[in-house]
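Chain by chain, the residues run as shown.
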Amino acid sequence: MSPYSVRRSLLLMAFLVVSGFSTGTAVASIDGEPVPGSAQRIALWPTGLAPGDKPLSQAPQVVERSADPALPDRYVTHVSEPWLVVYRPARPNGTALLVAPGGGYQRVVLDKEGSALVPAFVDQGGITLFVLRYRLPGEGREDRDAALADAQRAMRLIRARAGEWQLDRRRIGVIGFSAGGHLTARLGNGFDQPAYPATDAIDRVSARPDFQLLIYPVIDMAGADAHPGSRERLLGPRPEPALQRRYSMQHQVRADTPPTFLVHAGDDDAVPVGNSLGFYAGLRRAGVPAELHVFAHGGHGFGTRGIAGLTAAAWPRLALDWIAAQRTERAP
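The text that follows walks through the structure, step by step, so that each part is easy to find. What you are looking at is a predicted structure, and each value in this text was computed from that prediction instead of being measured.

On to the overall build of the protein chain, then. Scanning the protein chain for helices and strands turns up eight helices and eleven strands. For 332 residues, the compact-globule formula gives about 20 Å, and the C-alpha radius of gyration of the protein chain, at 19 Å, lands near that figure. The principal-axis extents of the C-alpha atoms in the protein chain amount to approximately 55 × 45 × 40 Å. In the protein chain, which comprises 332 residues, the share counted as buried stands at 56%. In the protein chain, of all internal contacts separated by at least 6 residues, the share reaching a separation of at least 24 is 77%. Of the roughly 13500 Å² of accessible surface on the protein chain, a fraction of 53% belongs to carbon and sulfur atoms. Of the side chains in the protein chain, 36 bear a positive and 32 a negative charge, and the two mean positions are spaced by 4 Å.

Of the pairings in the sheet, the one linking strand β10 (residues 260-265) to strand β11 (residues 290-295) comprises six bridges and is parallel in character. Looking across to β11, one finds that Leu 262 is bridged to Leu 292. One crossover worth recording links β10 to the parallel β11 by way of helix α7 (residues 274-286), and it is right-handed.

On to the sheet that holds strand β3 (residues 74-77). Strand order in the open sheet made by the three strands is β2-β3-β6, with antiparallel pairing throughout. At either end of the open sheet lies a strand with only one pairing partner, and these are β2 (61-64) and β6 (108-109). Note: β2 against β3, four bridges, orientation antiparallel. What sits directly across from Val 63, in β3, is Tyr 75.

Moving on, we come to the packing of helix α3 (residues 146-160) against helix α4 (residues 179-189). α4 packs onto α3 with a crossing angle of 65° between their chain directions and a minimal axis gap of 10 Å. The two elements α3 and α4 cross, and the hand of that crossing is right-handed. Between α3 and α4, the residues in contact are Ala 147, Leu 148, Ala 151, Gln 152 and Met 155 and Leu 183, Arg 186 and Leu 187, respectively. Along the lines of polarity and charge, the residues of the contact of α3 with α4 split into six nonpolar, one polar and one charged.

Moving on: the packing of aromatic side chains. How two aromatic rings sit relative to each other is given by the distance of their centres and the angle of their planes. What the rule picks out here adds up to eight aromatic pairs. Ring plane angle 45° and centroid distance 5.8 Å describe the contact between Phe 121 and Trp 315, whose orientation is recorded as tilted. In this pair, Phe 121 is assigned in helix α2 (residues 118-124) and Trp 315 in helix α8 (residues 315-330), connecting sequence segments 194 residues apart. The exposure class of Trp 315 is buried, given its relative accessible area of 0%. With a centroid separation of 6.0 Å and an interplanar angle of 85°, the aromatic rings of Phe 211 and Trp 322 are classed as edge-to-face. Pair noted here: Phe 211 is in the loop between α4 and β9 (212-215) and Trp 322 is in helix α8, with a separation of 111 residues, a long-range link. An aromatic cluster is present here, built from Phe 121, Phe 177, Tyr 216, Phe 302 and Trp 315 joined pairwise through their rings. Sitting above the plane of the Tyr 75 ring, Arg 107 keeps its charged end 4.9 Å from the centroid. Directly above the aromatic system of Phe 191 lies the positively charged group of Arg 254, at a separation of 4.7 Å from the ring centroid.

Ordered in space as β1-β4-β7-β5-β8-β9-β10-β11, the eight strands form an open sheet in which the pairing is mixed. The outermost strands of the open sheet, each flanked by one partner alone, are β1 (41-43) and β11. When the angles between neighbouring strand axes are averaged without regard to direction, this sheet yields 20°. Bridge analysis of strand β5 (residues 96-100) against strand β7 (residues 128-133) gives four bridges, and the strand direction is parallel. Residue pairing across strands places Ala 96 opposite Thr 128, the latter belonging to β7. This element, α4, spans β5, β8 (172-177) and β9 of the sheet and lies at about 145° to β8. Packing of α7 onto the sheet brings it into contact with β9, β10 and β11, and relative to β10 it is tilted by some 155°.

On to the pairing of β7, then. Along β7, six of the six residues are buried, which leaves the element largely enclosed by surrounding structure. Taking every second residue as pointing to the same face, both faces of β7 are buried, with Thr 128, Phe 130 and Leu 132 on one and Leu 129, Val 131 and Arg 133 on the other. Here five bridges tie strand β4 (residues 83-87) to β7, and the two strands are oriented antiparallel to one another. Counted as the bridge partner of Leu 84 is Leu 132 from β7.

Criteria and thresholds
Residues numbered from 1 in each chain as written. Predicted model: local features only at pLDDT ≥ 70, side-chain atom pairs only at ≥ 80, totals over all residues. Heavy atoms only, no water. Helix = DSSP H or I, 4+ residues; strand = E, 2+ residues; numbered from the N terminus. Rg over C-alpha atoms; globule rule 2.2 N^0.38 Å. Buried < 20%, exposed > 50% of the residue type's maximum accessible area, 1.4 Å probe, protein only. Contact = heavy atoms within 4.5 Å. Areas by Shrake-Rupley, 256 points an atom, 1.4 Å probe, with all protein chains shown as cover. Lys, Arg positive; Asp, Glu negative; His and termini not counted. Charge placed at Lys NZ, Arg CZ, Asp CG, Glu CD. Pairing = 2+ DSSP bridges. Right-handed = clockwise from strand over helix to strand, strands pointing away. Axes fitted to C-alpha atoms, helices over the stretch in contact; angles between N-to-C directions. Left-handed = near helix turned anticlockwise from the far one by under 90°. Nonpolar A, V, L, I, M, F, W, Y, C, P; charged D, E, K, R; others polar. Phe/Tyr/Trp six-rings, centres within 6.5 Å; stacked < 30°, edge-to-face > 60°. Lys NZ or Arg CZ within 6 Å of the ring centre and 35° of its normal.

Laid out in structure tokens, this is it:
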């Protein structure tokens, strides 16, 4: 391993320790992921593999795209045994967010839409984050519901073990980015859709998020606003119109879809703003409480890093205020 790679990994581990990822000795491995069995890494399934699944031929691969060791930008592919990485605040406020990062259903982004959320949401907001490394379609696995199964299981696991992390079981939401926003919308619309066979007591716990946040989400799989890469990875190269509609989340909104917070940039040329507009319209038709923020500039994939000097930089604060308002609105 080159000296640069070692230095980059050490800096990443230092970032994780400072951000509350670990107390005491560092528990991150050389790729920046917490080691299996540590308190920061939670396996989703009792045996590692989801029920009925089999391991992929290739081991999980974590790739670093950033040349700046201070700004890691990793992604993971070929996940066979999905897991959560936990970021805990010094003083938890009882609220948790399951995080579904993007990656076009081709990869799962780990930092830009994962660890980079820590300063705003964990350190300042007091929220406990559970960032999901979910299984992907098109890696030798013919299962469109694998990611949904992982999201359902993650929500149930967090709620079942809420006391362990000082959480309120009624304050567990989900936030998704880009294709992770599509997965989040699938969870919100289909939290009770059987995506895997029950295995233990955790699977009897509700998988319904108490609220959801969709950040520049992929929503439509059929129209001009569809993201071609996400659609092909999830549905195949020539999906039938009925299949496209089934996976177009604006058409699947229900009256019990969770209250929703949406963020998009009007100049997003990868996942057009029509995705959020269409989902918002679907929420309105179903009578689901929703809030939509469309910023003029920001493009796609800005997370919390790429918006300095833009009005879109306000979205984390707006999101925290909206999450707090859900507590007020639910109070007796």
